[in-house]
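Secondary and tertiary structure notes
So you can see what is in the structure, the chains are spelled out below.
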Amino acid sequence: LEYTFAGLPELKAVPESLFFPLIYCVSFAGVFAQSGLEQVNRQLFAANLQAENFSNAFLRCKNLSSVPEELFSSNSQARNFNGTFAESGLTEIPGRLFSGVRRRSSFIETFARTPVKVVPPGLMRGLEPVNIDGMFEPARAAEHDPIKIKAGPSFPQDFFDDTRNAVGVATCRQP
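The structure contained in this document is the topic of the report that follows. None of the values given here were measured: they were computed from a predicted structure. (Residues numbered from 1 in each chain as written. Predicted model: local features only at pLDDT ≥ 70, side-chain atom pairs only at ≥ 80, totals over all residues. Heavy atoms only, no water.)

As for the overall build of the chain
- When you go through the chain residue by residue, the secondary structure sums to one helix and zero strands.
- Dimensions of the chain, computed from the C-alpha atoms along their principal axes, are close to 50 × 35 × 25 Å.
- Here the chain holds 175 residues, and the buried ones make up 50% of them.
- Within the chain, counting contacts between residues at least 6 apart in sequence, those at least 24 apart form 79% of the total.
- When the accessible surface of the chain is totalled, it reaches about 8300 Å², and 49% of it is carbon and sulfur.
- Counting 17 positive and 18 negative side-chain charges, the chain places the averaged centre of each group 3 Å from the other. (Helix = DSSP H or I, 4+ residues; strand = E, 2+ residues; numbered from the N terminus. Buried < 20%, exposed > 50% of the residue type's maximum accessible area, 1.4 Å probe, protein only. Contact = heavy atoms within 4.5 Å. Areas by Shrake-Rupley, 256 points an atom, 1.4 Å probe, with all protein chains shown as cover. Lys, Arg positive; Asp, Glu negative; His and termini not counted. Charge placed at Lys NZ, Arg CZ, Asp CG, Glu CD.)

This is the structure in structure tokens:
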């Protein structure tokens, strides 16, 4: 289903059962990228137990300001969240958003260039991510801030504890 509903600015909402019959679907890469989605239901991917790839799924969904905590709770095989919410309108992130996904997953630019100001405690608990490069890269850098840490969101200490073995810097994409 890669990029199936991408580039549809008039698409504001989808039924929670949209993907229920597609139980063998493995990739939702870019499925709603650059769409007008304003909300998603917690059951959207509930039947897709084999889903592995959610890269760019909500890329540039500017009207999407929040997502339910249970969005990926059934996706225990999911391992690619690169750019999933990049450049979207997300202002907040549920603390247990990734609690049901596969350990050792990739989170390159997952929330890059979003208006998120605070990273919730427990977001990466038990996940042992392999890569967090640019996960929270801000849209703009502050002066004298080469790794964009001043312009980035506020992080709880457990984020650093839970990502210490991952490649990359959460606020700055490596060249």
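Here we look at the side chain of Asp 145
- Structurally, Asp 145 can be placed in the segment before helix H1 (157–163).
- Despite being buried, Asp 145 has no salt bridge partner; Lys 150 is the closest side chain of opposite charge, sitting 5.7 Å away.
- The residues contacting Asp 145, other than those within four sequence positions of it, are Lys 150 and Ala 151. (Salt bridge = Lys/Arg side-chain N within 4 Å of Asp/Glu carboxyl O.)

Here's the deal with the nonpolar core
- In terms of nonpolar packing, the biggest core is built from 42 residues, with Phe 58, Phe 98 and Phe 136 touching the most fellow members.
- The contacts of Phe 58, once residues within four sequence positions are left out, are Phe 32, Leu 37, Val 40, Phe 45, Leu 64, Leu 71, Thr 84, Phe 85, Ala 86 and Ser 88. (Core = buried A, V, L, I, M, F, W, Y, C linked by side-chain atoms within 4.5 Å.)

Some words on the packing of aromatic side chains
- In the structure shown here, the tally under the stated rule is 27 aromatic pairs.
- With a centroid separation of 5.7 Å and 5° between ring planes, the pair formed by Phe 19 and Phe 45 is classed as stacked. Here Phe 19 is found in the segment before H1, whereas its partner Phe 45 is found in the segment before H1, with 26 residues between them in sequence.
- Classification of Phe 19 as buried rests on a relative accessible area of 2%.
- Ring centres of Phe 159 and Phe 160 lie 5.8 Å apart, and the angle between their planes is 90°; on these two criteria the pair is classed as edge-to-face. (Phe/Tyr/Trp six-rings, centres within 6.5 Å; stacked < 30°, edge-to-face > 60°.)

Thoughts on the environment of Val 14
- Among the structural elements, Val 14 can be located in the segment before H1.
- Distance from Val 14 to Val 40, taken between C-alpha atoms, is 7.1 Å for residues 26 residues apart in sequence.
- Residues in contact with Val 14, not counting those within four places in the same chain, are Phe 32, Leu 37 and Leu 44.

A few points about a nonpolar patch on the surface
- On the surface, Ile 147, Ile 149 and Phe 160 cluster together to form a nonpolar patch covering roughly 250 Å² of accessible area.
- Along the chain, Phe 160 turns up in helix H1.
- Judged by relative accessible area, Phe 160 falls into the partly exposed class, the value being 37%. (Patch = residues over 30% accessible without salt bridge, like charges linked within 9 Å, V, L, I, M, F, W, Y side chains within 5 Å.)

A closer look at the pattern of salt bridges
- Under the definition given, this model contains ten salt bridges.
- With a closest N to O distance of 2.9 Å, Arg 60 and Glu 87 form a salt bridge. One end of the pair, Arg 60, is in the segment before H1; the other, Glu 87, is in the segment before H1, and 27 residues separate them in sequence.
- Salt-bridge contacts for Arg 113 lead to Glu 87; the nearest nitrogen and oxygen are separated by 3.1 Å. Taken as a pair, Arg 113 in the segment before H1 and Glu 87 in the segment before H1 lie far apart in primary sequence, 26 residues in all.
- Arg 113 sits in the partly exposed class, given a relative accessible area of 25%.
- By relative accessible area, Glu 87 is classed as buried at 16%.
- Through salt bridges with shared partners, a single network forms among Arg 60, Glu 87, Glu 109, Arg 113, Asp 133, Glu 137, Lys 148 and Arg 173.

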